[in-house]
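# A closer look at the structure
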Amino acid sequence: NNWTRAEILWRIAVETTMAGDADHAIAIAKSIEQEGHHRSALYDIVKAQAKRGEFAGAFNTASLLKQPPSTDQKASDYDMAISEILVEMVKGGKGAEAKDTAARFQDADLRRSWLYSGIAMTYAELGNLKEAKAALAQAETETQRTARRKELRQLEDKLRFGPSPAD
């Protein structure tokens with residue numbers, strides 16, 4: 001059964017990474033013929049490498065998940081894998097490095113927003129609200145920023161020119 005075989009190889013690849021042999025795990029993941037399982041195995045390998053603090057290797061593995069840009073507004077496996085790495089970097093005390101790395105991925109607004117949001121959530125979970133707010137400000141896309149400013153101007157005008165204090 002190809003599906004069962006793919007499922008088993010996926011699990012073996014992840015456990016092999018957790019045991020410290022990422023190169024062998026990637027070879028196992030590449031042998032998986034089912035595309036969904038193949039990509040899931042690579043994604044889980046990235047997460048395992050990041051949890052082990054092997055950030056350079058995790059970035060290299062994540063690059064195997066790159067695909068041509070899609071037109072939908074959904075984050076790709078690659079975007080989510082990079083976000084997972086940055087989250088683990090923040091947890092490991094490398095928050096400044098994580099933000100610098102996220103800045104290098106600004107070729108798409110969704111990706112930038114996704115990456116900084118993950119960093120902000122991690123800072124918030126760790127109780128560092130100052131850094132969480134700073135990262136969240138960087139997560140906002142230019143389109144979102146423009147829309148927010150427009151809404152604030154409209155609200156200010158309503159408050160200033162409204163016929164009653166309630167308005």
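Look up: the structure comes first, before these words.
In short, a report on the structure.

Quick notes on the rules
- Residues numbered from 1 in each chain as written.
- Predicted model: local features only at pLDDT ≥ 70, side-chain atom pairs only at ≥ 80, totals over all residues.
- Heavy atoms only, no water.
- Phe/Tyr/Trp six-rings, centres within 6.5 Å; stacked < 30°, edge-to-face > 60°.
- Lys NZ or Arg CZ within 6 Å of the ring centre and 35° of its normal.
- Helix = DSSP H or I, 4+ residues; strand = E, 2+ residues; numbered from the N terminus.
- Buried < 20%, exposed > 50% of the residue type's maximum accessible area, 1.4 Å probe, protein only.
- Contact = heavy atoms within 4.5 Å.
- Salt bridge = Lys/Arg side-chain N within 4 Å of Asp/Glu carboxyl O.

Enumeration over the complete set of coordinates arrives at 0 aromatic pairs. Here the basic side chain of R11 rests over the ring of W10, its NZ or CZ set 4.3 Å away from the ring centre.

Structurally, the position occupied by K99 is in helix α6 (residues 95-103). With a relative accessible area of 17%, K99 lands in the buried category. When the C-alpha positions of K99 and A135 are compared, they lie 7.6 Å apart, and in sequence the two are 36 residues distant. If near-sequence neighbours (up to four positions away) are discounted, K99 is found in contact with Y116, I119, Y123, E131, A134 and Q138.

On to the side chain of T17, then. By the secondary structure assignment, T17 is in helix α1 (residues 2-18). The exposure class assigned to T17 is buried, which follows from its relative accessible area of 0%. Among all residues touching T17, those that are not within four sequence positions of it are A22, A25, I45, A48, Q49 and R52.

Let's shift gears to the pattern of salt bridges. Taken as a whole and assessed by the stated rule, the structure comprises 7 salt bridges. A salt bridge links R11 to E7, with the nearest nitrogen and oxygen atoms 3.0 Å apart. Residue R11 and its partner E7 are both found in helix α1; the two are separated by 4 residues, about one turn of the helix. Of the charged contacts, one joins E88 and K51 as a salt bridge, the two residues approaching to 3.6 Å between their closest N and O atoms. Linking E88 in helix α5 (residues 77-91) with K51 in helix α3 (residues 35-51), this pair joins segments that are 37 residues apart in sequence. Through salt bridges that share partners, E35, R39 and D77 make up one connected network.

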